[in-house]
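In case you want the letters, here they are:
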Amino acid sequence: MTEKSRIILKLKMDRKRTSCIVYSLSRTFVIKDINYLKKIGHKVFEIKSSPKKNIFLFLTNRINQFFKSLIVLSKSDSVFIWFSDYHSFIPLFVSKFFSVKSIIIVGGYDAISDQEIGHGIFVKKGFRQTIAKLNYYLSSEIWVVDRSLSEGCKVALEQNKIKSGLINWMPDLKKKIQITPTGYSSDFWRRTKEKKPNTILTVANIDHSRTIKIKGISLIFNLAKQVPEFKFQIIGLENKSLVETYDKPKNVKFIKPKKAQDLRDYYSESQYYIQPSRLEGLPNALCEAMLCECIPIGNKVFGIPNAIGTTGLLFDGPHEIKKIVVFLRANKKINSNQARRRIINLFNEEKRMDALRKV
């Protein structure tokens, strides 16, 4: 190697890496990835493109995104894009022009088709699905938070006829797909209070009637009726009118969304955490609750069984509600610390940061 080559190599190694992260909504997992990139020494640019139904605002968004992508991606080494949708296409297209490595992070919605409730990018016929597929072809890599988002979930197909798995629609993507779960801080997510017996918690951002079906809130209502001695709390309801048509049992309490520190206290006090969703990627709230030593209960679809393993109870859809009742009333002495250890071993934040470093 010549002296000139050594100097160029040293300059490249010494230069601070620059990454861009593209997203539509400021969700917890997006904010965490921004912080992880900063923690490993990257300078981070952000391109946020909120969803707009108004056609004028939608087009204005795309124009703004185009010019911001030109400026930002010309200075970036890599771009991470959460979810494949309209907001992904322009940054991906521009990244190709500047030869910037691009990673689409698939979280759930962008790898499924739930015809019954009209949810998932592959239920969207026409232009939107075409854009999503084109995004996948344009990307350098595709990260899925759980294997089921790549290969499909047979249990979800049997329960609710939910089709899933990117390679079932686009088999030639297989070589560029990586299983890269989200990460969780065991230093922050830890038990801070004493557990209250007979308490069951779930957390869901309920901002649409469809979310009630996705998160399995009806199952929680039915379960609560059968175990009136248990107290249920559901955190994340934005608007009470969304549940007014449901027969809500007296032992179920809805709570508005909470910040992480307050949420940690709710996890810490709860004996059980239930995830009865009909579809998920890798549920953040479930993993956080397990780190706070909640005994997990979950529907065995997508990433839920991967998170829970043998540390709690897995059930096969609403028809197994009796199984949950028996489990709760058996009151077996379960070592809830096993749930914490499982998340630390499988989904600690260092593994996530290592994946980001390799890019």
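The structure reproduced in this document is the subject of the present report. Because the structure is a prediction, the values reported are computed rather than measured.

1. Here we look at the nonpolar core
In this structure, Val 106, Tyr 136, Leu 166, Tyr 267, Tyr 273 and Phe 302 are the most contacted members of the largest nonpolar core, which totals 79 residues. With six residues, the top contributor of residues to this core is helix α12 (residues 284-291). Apart from residues lying up to four places away in sequence, Tyr 273 is in contact with Leu 201, Thr 202, Val 203, Tyr 267, Ala 285, Leu 286, Ala 289, Cys 294, Ile 295, Pro 296 and Ile 297. In this structure, Leu 219, Ala 224, Tyr 272 and Ile 321 belong to the second largest nonpolar core, which totals 29 residues.

2. Quick word on a nonpolar patch on the surface
Together, Ile 55, Phe 56, Leu 57 and Leu 59 line one region of the surface with nonpolar side chains, adding up to about 430 Å² of accessible area. Mapped onto the elements of the fold, Phe 56 is located in helix α3 (residues 55-73). Overall, the relative accessible area of 59% leaves Phe 56 in the exposed class.

3. Focus: the side chain of Thr 311
Looking at where Thr 311 falls in the secondary structure, it is placed in the loop between α13 (304-308) and β14 (313-315). Polar side-chain contacts of Thr 311 include one of 2.7 Å to the backbone oxygen of Ile 308.

4. Considering the packing of α12 against helix α15 (residues 337-347)
Relative orientation of the contacting elements α12 and α15 amounts to 125°, with a least axis distance of 7 Å. When the interaxial angle is binned, α12 and α15 end up oblique. Where α12 abuts α15, its residues Cys 287, Met 290 and Leu 291 lie against Ala 339, Arg 340, Arg 342, Ile 343, Ile 344 and Phe 347.

5. Quick notes on the sheet that holds strand β4 (residues 101-106)
The six strands are arranged β2-β1-β3-β4-β6-β8 in an open sheet whose pairing can be described as parallel. Each having just a single partner strand, β2 (43-48) and β8 (177-179) make up the two edges of the open sheet. Strand-to-strand twist in this sheet, taken as the mean axis angle between neighbours without regard to direction, amounts to 25°. Both strand β6 (residues 141-144) and β8 contribute to a ladder of three bridges, which runs parallel. Looking across to β8, one finds that Val 144 is bridged to Ile 179. Packing against the sheet, α3 makes contact with β1 (18-23), β2 and β3 (78-82), and its axis sits at approximately 170° to β2.

6. Some remarks on the packing of helix α10 (residues 217-226) against helix α14 (residues 321-330)
Where α10 contacts α14, the two axes come as close as 10 Å, and the packing angle between them is 50°. Judged by the angle between their axes, α10 and α14 are oblique. Where α10 crosses over α14, the handedness of that crossing is right-handed. Judged by residue contacts, Leu 219, Asn 222, Leu 223 and Gln 226 of α10 engage Ile 321, Lys 322, Ile 324, Val 325, Leu 328 and Arg 329 from α14. Of the residues contributing to the contact of α10 with α14, the split by class is six nonpolar, two polar and two charged.

7. Considering the pattern of salt bridges
Under the criterion given, the structure shown has 17 salt bridges. Residues Lys 323 and Glu 320 are paired through a salt bridge, measuring 3.8 Å at the closest nitrogen-oxygen approach. We note a salt bridge from Arg 357 to Asp 354, for which the minimum N-O separation is 2.6 Å. Here Arg 357 pairs with Asp 354, and both are found in helix α16 (residues 349-358), just three residues apart, close to one helical turn. Taken together, the shared-partner salt bridges connect Asp 114, Glu 116 and Arg 278 into one network.

8. Section: the sheet that holds strand β12 (residues 270-275)
Strand order across the open sheet formed by six strands is β11-β10-β9-β12-β13-β14, with parallel pairing between neighbours. Strands with a single pairing partner mark the edges of an open sheet, and in this sheet they are β11 (252-255) and β14. Taken over all neighbouring pairs, the strand axes of this sheet differ in orientation by 20° on average, direction set aside. When strand β9 (residues 196-206) meets strand β10 (residues 231-237), the two strands line up parallel, connected through six bridges. Each bridged residue has a counterpart across the sheet, and for Leu 201 the counterpart in β10 is Gln 233.

9. Considerations on the pairing of β12
Counting buried residues along β12, six of its six residues qualify, which places the element largely inside the surrounding structure. Sheet analysis places β9 next to β12, joined by three bridges and oriented parallel. Looking across to β12, one finds that Leu 201 is bridged to Tyr 273. Inspection of the sheet shows β12 paired to strand β13 (residues 295-299) by four bridges, in the parallel sense. Bridge pairing in β13 links Tyr 272 to Ile 295. Of the crossover connections in this fold, the one passing from β12 over α12 to the parallel β13 is right-handed.

About the cut-offs
Residues numbered from 1 in each chain as written. Predicted model: local features only at pLDDT ≥ 70, side-chain atom pairs only at ≥ 80, totals over all residues. Heavy atoms only, no water. Core = buried A, V, L, I, M, F, W, Y, C linked by side-chain atoms within 4.5 Å. Buried < 20%, exposed > 50% of the residue type's maximum accessible area, 1.4 Å probe, protein only. Helix = DSSP H or I, 4+ residues; strand = E, 2+ residues; numbered from the N terminus. Contact = heavy atoms within 4.5 Å. Patch = residues over 30% accessible without salt bridge, like charges linked within 9 Å, V, L, I, M, F, W, Y side chains within 5 Å. Areas by Shrake-Rupley, 256 points an atom, 1.4 Å probe, with all protein chains shown as cover. Salt bridge = Lys/Arg side-chain N within 4 Å of Asp/Glu carboxyl O. Polar contact = N/O pair within 3.5 Å; in protein donor to acceptor, adjacent residues only side chain to side chain. Axes fitted to C-alpha atoms, helices over the stretch in contact; angles between N-to-C directions. Parallel < 35°, antiparallel > 145°, perpendicular 65-115°, else oblique. Pairing = 2+ DSSP bridges. Left-handed = near helix turned anticlockwise from the far one by under 90°. Nonpolar A, V, L, I, M, F, W, Y, C, P; charged D, E, K, R; others polar. Right-handed = clockwise from strand over helix to strand, strands pointing away.

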